[in-house]
Amino acid sequence: MCFCEVFPPLDLIYFIKGNSIFFWNYNTNTQSIFNDIPEQIHKTHITFPKPQIFTSEVNYIMIVATIPNIYVLLLIVSPKGNIEVHKSDIIYNNNSIITSIVSTVQRRIFMGSVNNKIWEFDYQNAASSKLSMLFGFGVNKRKAFTITRAKQSYFENIFPFCF
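Residues numbered from 1 in each chain as written. Predicted model: local features only at pLDDT ≥ 70, side-chain atom pairs only at ≥ 80, totals over all residues. Heavy atoms only, no water.

(A) Fine view of the pairing of strand E2 (residues 12–17). One ladder, built from 6 bridges, connects strand E1 (residues 2–7) with E2; its direction is antiparallel. Bridge pairing in E2 places Phe3 opposite Ile16. Taken together, E1 and the strand that follows it, E2, pair antiparallel across an intervening segment of 4 residues, in which Asp11 is found at a positive phi of about 55°. As paired elements, E2 and strand E3 (residues 20–25) share 6 bridges and run antiparallel to each other. Of the residues in E3, the one forming a bridge with Phe15 is Phe22. (Pairing = 2+ DSSP bridges. Helix = DSSP H or I, 4+ residues; strand = E, 2+ residues; numbered from the N terminus.)

This is the structure in structure tokens:
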């Protein structure tokens, strides 16, 4: 699978081919490649991160959907426009083919799939152990989850001619 997306706030065009993402800043002519995802990429979306989840250096996150998993990549943009891409510890096993990903200004992320479901994808800090939750110490980990917002039957009632 091969596709291309444009992200004007960063003067960025990125190409997806298989499990690789090729970034190109069309103003500075800088390029980078990220290929640390083991599965074929089906859909991506760049958005702002939720506050207080990642370090302040993270300017944007990229949601990457493959057939079994959803990954969150961290995008760090230098003052000169160079982009560093890092894989976060957030990986969610979804086992669905994601066809669309959108986000809101409130930093909520929604996904649609081939089986006509809509999910809200959320991530947050989670204490690494029960002891750290009880006593307030330890390293925080991040976790992700989805909330089903609409199922096929909902859409069948609104748009019966599509199904």
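So, next bit.
(B) Spotlight on the side chain of Thr44. With respect to the helices and strands, the residue Thr44 is situated in strand E5 (residues 41–47). On the basis of relative accessible area, Thr44 is assigned to the buried category, the value being 1%. (Buried < 20%, exposed > 50% of the residue type's maximum accessible area, 1.4 Å probe, protein only.)

(C) Molecular detail of the pattern of salt bridges. For the structure shown, the criterion picks out 3 salt bridges. Glu5 serves as the salt-bridge partner of Lys43, at 3.5 Å between the closest nitrogen and oxygen. You can see Lys43 sitting in strand E5 and its partner Glu5 sitting in strand E1, a full 38 residues away along the chain. For Lys50, the salt bridge goes to Asp122, with nearest N and O atoms at 2.6 Å. (Salt bridge = Lys/Arg side-chain N within 4 Å of Asp/Glu carboxyl O.)

(D) Structural view of the sheet that holds E1. Taken together, the 4 strands give an open sheet; going across it, the order is E1-E2-E3-E4, and neighbouring strands pair in antiparallel fashion. Strand pairing shows two members of the sheet lacking a second neighbour, E1 and strand E4 (30–34), which therefore form its edges. Each adjacent strand pair in this sheet contributes to an overall mean axis angle of 15°, direction not counted. (Axes fitted to C-alpha atoms, helices over the stretch in contact; angles between N-to-C directions.)

(E) Spatial organisation of the sheet that holds strand E8 (residues 83–93). Strand order in the open sheet made by the 4 strands is E5-E6-E7-E8, with antiparallel pairing throughout. Bordering the open sheet on either side are E5 and E8, each of which pairs with just one other strand. For this sheet the average axis-to-axis angle between neighbouring strands, irrespective of direction, equals 20°. Pairing geometry for strand E7 (residues 69–77) and E8, over 8 bridges, is antiparallel. Each residue of the ladder has a partner; that of Leu74, found in E8, is His86.

(F) View of the packing of aromatic side chains. Applying the stated criterion across every chain, the model contains 7 aromatic pairs. One aromatic cluster is present, built from ring pairs that chain together Phe54, Tyr92, Phe121 and Tyr123. Of note, Lys50 hangs over the ring of Tyr123, and the distance from its end group to the ring centre comes to 5.2 Å. (Phe/Tyr/Trp six-rings, centres within 6.5 Å; stacked < 30°, edge-to-face > 60°. Lys NZ or Arg CZ within 6 Å of the ring centre and 35° of its normal.)

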